[in-house]
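# Examining the three-dimensional arrangement
Spelled out, the chains give:
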Amino acid sequence: MRKSIILFLLLLLLLFVIFPRTGVYAFLFDRGNYGYINESSTEMISDLDELSPKTRELAIKFLEKCEEKGLSVRITETYRTQARQEMLYKQGRTTSGSVVTWTKNSKHTKRRAFDICENNTDDPYGDLEFFRKCAEIGKEVGLTPGYYFERYQDMPHYELNRWWLR
Ligand SMILES: [Zn+2]
């Protein structure tokens, strides 16, 4: 009898305390509430609402902390349709221009990545110290900054790499 009470309490603990913290419920139920995007469009999208709920939450936290530190950040791109990703992939390979991406399988197409640049400046990608400071903040809030990518550093890029969070 006492054993079953303990088991029951453990179950409650698991369901109402442990699971909610792991984000497993969000993973199972939160499919996001995205606007209507034409999936064949190759336009750039910079709307935070097009990110997965957790990516969006961390992006907002990131922006707030950057602002506190006096870093003026602008989001340039969030969700990317597969059509746009493939168009970018062709760039510098089969179409003109320089290579801008190394993958057809981007976190942007999964709503789990966004790109930034410096706001209110003539050279939004020129200040390396700006990107270094932002990357520190990104890491702090739980994002994976492309700044730290070892093979292809991607300074403007941030992604959510915790698969159990939506
Ligand atoms: Zn990116």
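Here the residue index of a chain counts from 1 through its sequence in written order. At least 70 in pLDDT is required for a residue's local features to be given in this predicted model, at least 80 for side-chain atom pairs to be given and counted, and no such filter applies to totals for whole chains, interfaces and linings, which use all residues. The side-chain values count all of the structure's non-hydrogen atoms but skip hydrogen atoms and water molecules.

### Describing the nonpolar core
The test is simple: Note on terminology: a nonpolar core comprises buried Ala, Val, Leu, Ile, Met, Phe, Trp, Tyr and Cys residues joined through side-chain atoms within 4.5 Å. Relative accessibility thresholds used throughout: buried, under 20% of the residue-type maximum; exposed, over 50%; partly exposed, between the two (1.4 Å probe, protein chains only). Think of it this way: any DSSP run of H or I at least four residues long counts as a helix, any run of E at least two long counts as a strand, and we number them from the N terminus. Should any heavy atoms of two residues lie within 4.5 Å, those residues are counted as being in contact.
Ranked by size, the top nonpolar core spans 23 residues in total, and within it Phe 62, Val 73, Phe 114, Ile 116 and Cys 134 carry the most contacts. Listing elements by their share of this core, those giving two or more residues are helix 3 (53–68), strand 1 (73–77), strand 2 (113–118) and helix 5 (128–141). What Cys 134 contacts, discounting residues up to four positions off in sequence, is Phe 62, Cys 66, Leu 71, Val 73, Ile 116 and Tyr 158.

### What about the domain arrangement of the protein?
The condition is simple: An automatic or database domain assignment provides the domain bounds reported here.
Domain boundaries assigned for the protein yield domain 1 (1–30) and domain 2 (34–159). For domain 1 and domain 2, the distance between their C-alpha centres works out to 35 Å.

### Let's talk about unusual backbone geometry
For Arg 111, which is not glycine, the phi dihedral falls at a positive 65 degrees. Mapped onto the elements of the fold, Arg 111 is located in the loop between helix 4 (82–90) and strand 2. Unlike most non-glycine residues, Asn 120 shows phi in positive territory, near 55 degrees. Within the secondary structure, Asn 120 sits in the loop between strand 2 and helix 5.

### Concerning the coordination of the zinc ion
Our working definition: Distances up to 2.8 Å from the metal define which N, O and S atoms are donors, and 3.2 Å serves for Na, K and Ca; water is absent from the atom set, so sites may look incomplete.
Looking at the metal site, the zinc ion is ligated by His 108 (NE2), Asp 115 (OD) and His 157 (ND1), spaced 1.9 to 2.0 Å from it. All donors of the zinc ion come from a single chain, and their spacing in sequence reads H-x6-D-x41-H.

### Considerations on the UniProt feature "domain: D-alanyl-D-alanine carboxypeptidase-like core" (unreviewed entry) in the protein
Defined as follows: UniProt positions are given in the numbering used here, feature names are shortened, and annotations may be inferred rather than shown by experiment.
In the UniProt entry, the feature "domain: D-alanyl-D-alanine carboxypeptidase-like core" (unreviewed entry) is given for residues 51–164. Helix makes up 34% of residues 51–164 and strand 14%, whereas the separation of the span's terminal C-alpha atoms amounts to 16 Å.

### Examining helix 4
As a reminder, the rule being used: Comment: arc refers to directions from the helix axis out to C-beta atoms.
Every buried residue of helix 4 is accounted for by Arg 84, Gln 85 and Leu 88. When helix 4 is viewed along its axis, its buried side chains cluster within an angular range of 100 degrees and face the same direction. Each element contacted by the buried residues of helix 4 is listed here: strand 1. Directly after helix 4, the chain includes Gly 92, whose backbone phi takes a positive value near 85 degrees.

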